[in-house]
Amino acid sequence: MKYEPLQDNKFYHIYNRGNNGENIFIEDRNYAFFLSLIQNYILPISEVHAYCLLKNHFHLLIKTLNFENKILYKSFSNLFNAYAKAINKAYDRNGSLFQDRFSRIQIKNDEHLKQLILYIHLNPSHHGCTTNFENYKYSSFNTMMSKAKTLLKRDDVLELFDDKSNFRYMHYKRQQAIFDKKSELYLE
């Protein structure tokens, strides 16, 4: 698989999944640890705009800062290596935790950016982890809705949707569109 190089000052959808579809998050503490590693390795080289961590995969929406490709890549490599080593040690496993090197797609316009944010936050519902995406605790949605201090670029995200009310509305509108599309498939 050919991987797009990371460039400075660009938005990216970063994602990966467990090797052979295995879980990469086994317990609650694993999610918290992964987020702490993002803070240590990724926040110095990028802004984090949205995330969702599911049992066997994750999604991040980041905007890289002004660093060379090799520094950006090394920071992600350090994140994934540190996490894999910790999981292997904690659960007496060995070998690759992740399926492959991390995947990334550059986001080139605001409409794609908004659609990706909706996709990331609705992902737990799509995969059956919850019936209400607002209740899923390993996603940035609730952080966006709160007033609590955060390292996420909450104001930038909400501004894309005009305000907090429209941010929530657009999530429910997208969820309804997905539900309607699925319903149509069963009627045919």
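In what follows, the structure referred to is the one given above.
Analysis parameters
Residues numbered from 1 in each chain as written. Predicted model: local features only at pLDDT ≥ 70, side-chain atom pairs only at ≥ 80, totals over all residues. Heavy atoms only, no water. Buried < 20%, exposed > 50% of the residue type's maximum accessible area, 1.4 Å probe, protein only. Helix = DSSP H or I, 4+ residues; strand = E, 2+ residues; numbered from the N terminus. Pairing = 2+ DSSP bridges. Phe/Tyr/Trp six-rings, centres within 6.5 Å; stacked < 30°, edge-to-face > 60°. Lys NZ or Arg CZ within 6 Å of the ring centre and 35° of its normal. Expected span 1.5 Å × (residues − 1). Contact = heavy atoms within 4.5 Å. Axes fitted to C-alpha atoms, helices over the stretch in contact; angles between N-to-C directions. Salt bridge = Lys/Arg side-chain N within 4 Å of Asp/Glu carboxyl O.

Caption draft 1: The pairing of strand β4 (residues 103-107), seen in detail. With 4 of 5 residues buried, β4 is to be regarded as a mostly interior element. Sheet topology places strand β1 (residues 11-17) next to β4; 5 bridges connect them, and they run antiparallel. The partner of Phe11 across the bridge, within β4, is Ile107.

Caption draft 2: Representation of the packing of aromatic side chains. With the rule as written, the count across this model stands at 20 aromatic pairs. On the numbers, 5.2 Å between centres and 50 degrees between planes, the contact of Phe34 with Phe58 is tilted. Of this pair, Phe34 sits in helix α1 (residues 28-42) while Phe58 sits in strand β3 (residues 57-64), placing them 24 residues apart in sequence. Seen from their ring centres, Phe133 and Phe141 are 5.0 Å apart, and the 85 degrees between their planes marks the pair as edge-to-face. Classification of Phe133 by relative accessible area gives buried; the value is 0%. The exposure class of Phe141 is buried, given its relative accessible area of 1%. For the cation-ring pair, Arg104 lies above Phe102, with the distance from its terminal atom to the ring centre recorded as 4.5 Å.

Caption draft 3: Structural view of helix α2 (residues 69-90). The terminal C-alpha atoms of α2 lie 32 Å apart, and with 22 residues this matches the ideal 32 Å at 1.5 Å per residue to within 8%. Of all the residues in α2, the buried ones are Leu72, Ser75, Phe76, Leu79, Phe80, Tyr83, Ala84, Ile87 and Asn88. Those residues of α2 that are buried lie in contact with β1, α1 and β3. Where α2 terminates, the next one or two residues include Asp92, which has phi positive at roughly 50 degrees.

Caption draft 4: Local environment of the sheet that holds β1. Judged by pairing direction, the sheet is antiparallel, and its 4 strands sit side by side in the order β2-β3-β1-β4 without closing on themselves. Looking at the sheet topology across the chains shown, the edges are occupied by β2 (46-54) and β4. Mean inter-strand twist for the sheet, computed between neighbouring axes without regard to direction, equals 15 degrees. Both β2 and β3 contribute to a ladder of 8 bridges, which runs antiparallel. Residue pairing for β3: Leu54 is matched across the bridge by His57. Seen against the sheet, α1 touches β2 and β3 and runs at an angle of roughly 165 degrees to β2. Running over the sheet, α2 touches β1, β3 and β4 and is turned about 155 degrees from β3.

Caption draft 5: Spatial organisation of the pattern of salt bridges. In total, this model carries 6 salt bridges according to the counting rule given. Of the charged contacts in the structure, one is a salt bridge between Arg29 and Glu27, with a shortest N-O distance of 3.1 Å. A salt bridge links Lys137 to Asp28, with the nearest nitrogen and oxygen atoms 3.4 Å apart. Of this pair, Lys137 sits in the loop between α3 (110-126) and α4 (141-145) while Asp28 sits in helix α1; the two residues are 109 residues apart in sequence, bridging distant segments of the chain. What makes Lys137 exposed here is its relative accessible area of 56%.

All quantities given are derived from atomic positions and should not be read as evidence of function.
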